[in-house]
Amino acid sequence: QLEDSGGGLVQAGASLRLSCAASERTFSSYSIGWFRQAPGKEREFVGFIGWRAINTNFADSVKDRFTISRDNDKNTAYLQMNRLSPEDTAIYYCAANYYRPSRDPGDYDSWGQGPQVTVSS
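Please read these numbers as outputs of a predicted model, since none were measured by experiment. (Residues numbered from 1 in each chain as written. Predicted model: local features only at pLDDT ≥ 70, side-chain atom pairs only at ≥ 80, totals over all residues. Heavy atoms only, no water.)

*Asks:* How do you make sense of the packing of aromatic side chains when you look at a structure like this?
*Replies:* Geometry of an aromatic ring pair is reported as the spacing of the ring centres plus the angle between the planes. With the rule as written, the count across this model stands at nine aromatic pairs. Ring geometry for W51 versus Y99: centroids 4.7 Å apart, planes at 85°, classification edge-to-face. Separated by 48 residues along the polypeptide, W51 in the loop between β5 (44–49) and β6 (56–58) and Y99 in the loop between β9 (90–98) and β10 (110–111) bring together distant segments of the chain. A centroid spacing of 6.3 Å and a plane angle of 65° characterise the contact between Y108 and W111, whose relative ring orientation is edge-to-face. For W111, a relative accessible area of 27% corresponds to the partly exposed category. For R43, the ring lying beneath its charged end belongs to Y93, and the centroid distance is 4.0 Å. For R43, the ring lying beneath its charged end belongs to W111, and the centroid distance is 4.7 Å. (Phe/Tyr/Trp six-rings, centres within 6.5 Å; stacked < 30°, edge-to-face > 60°. Helix = DSSP H or I, 4+ residues; strand = E, 2+ residues; numbered from the N terminus. Buried < 20%, exposed > 50% of the residue type's maximum accessible area, 1.4 Å probe, protein only. Lys NZ or Arg CZ within 6 Å of the ring centre and 35° of its normal.)

Written out as structure tokens, the structure is:
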């Protein structure tokens, strides 16, 4: 079970941090991916962090502005979003995949409920 939180309404240029908390005691064995879906668009990859937090990967549209971290002691991963723009407005989902990180949402078998992030211009 994943519970993501931290969405809201912010102005362009602001920062926001989303959290993804897991109830699984084996959280440290899962890679965490973040995806987003804007109205009328397909769900798209944002970034992932591997299970050992050694590797991260981001979509080109966010790689210079977003970071992902994790605290395995707290069973929580974080998506730090900086210099937000209206184009970042979407529902953001975290997802977990056993060990292997992936850019493909079809590879993930557990999903959070998706907090809304709205960026006003």
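*Asks:* Can you help me understand the pairing of β9 in this one?
*Replies:* Note on strand geometry: in a regular strand, side chains alternate between the two faces of the sheet. The buried count for β9 comes to seven of nine residues, which makes it a mostly enclosed element. As paired elements, β9 and strand β11 (residues 116–120) share two bridges and run antiparallel to each other. When the bridges of β11 are listed, A90 appears paired with V117. Relative to β10, β9 runs antiparallel, the two being bridged by two bridges. The residue bridging A96 from the neighbouring strand is S110, located in β10. (Pairing = 2+ DSSP bridges.)

*Asks:* I tried to follow the environment of G40 on my own but got confused; where do I start?
*Replies:* When you line up the elements, G40 lands in the loop between β4 (30–37) and β5. By relative accessible area, G40 is classed as exposed at 88%. Taking the C-alpha atoms as reference points, G40 and G50, separated by 10 residues in sequence, lie 30 Å from one another.

*Asks:* What's the story with the side chain of D4 in this structure? I'm lost.
*Replies:* Tracing the sequence through the fold places D4 in strand β1 (residues 2–5). Buried charge without a salt bridge: D4, with R43 as the nearest opposite-charge side chain at an N-O distance of 8.8 Å. Within the structure, the side chain of D4 is placed 3.1 Å from the backbone nitrogen of G114, a separation counted as a polar contact. Not counting chain neighbours up to four residues away, the residues in contact with D4 comprise S19, C20, W34, Y92, Y93, C94, G112, Q113, G114 and P115. (Lys, Arg positive; Asp, Glu negative; His and termini not counted. Salt bridge = Lys/Arg side-chain N within 4 Å of Asp/Glu carboxyl O. Polar contact = N/O pair within 3.5 Å; in protein donor to acceptor, adjacent residues only side chain to side chain. Contact = heavy atoms within 4.5 Å.)

*Asks:* What is the right way to read the side chain of T76 from this model?
*Replies:* Along the chain, T76 falls in strand β8 (residues 76–81). There is a polar contact of 2.8 Å between the side chain of T76 and the backbone oxygen of K74.

*Asks:* What exactly am I supposed to notice about the sheet that holds β1 here?
*Replies:* Two modes of strand pairing occur in sheets, parallel and antiparallel, and in both the strands are linked by backbone hydrogen bonds. Across the sheet, which stays open at both edges, the four strands sit in the order β1-β3-β8-β7 with antiparallel pairing between neighbours. The sheet is open, and its two edges are formed by β1 and β7 (66–71), each paired on a single side. Strand-to-strand twist in this sheet, taken as the mean axis angle between neighbours without regard to direction, amounts to 15°. For β1 and strand β3 (residues 16–22), the ladder comprises four bridges, and the chain directions are antiparallel. Considered in β3, the bridge of S5 is made with S19. (Axes fitted to C-alpha atoms, helices over the stretch in contact; angles between N-to-C directions.)

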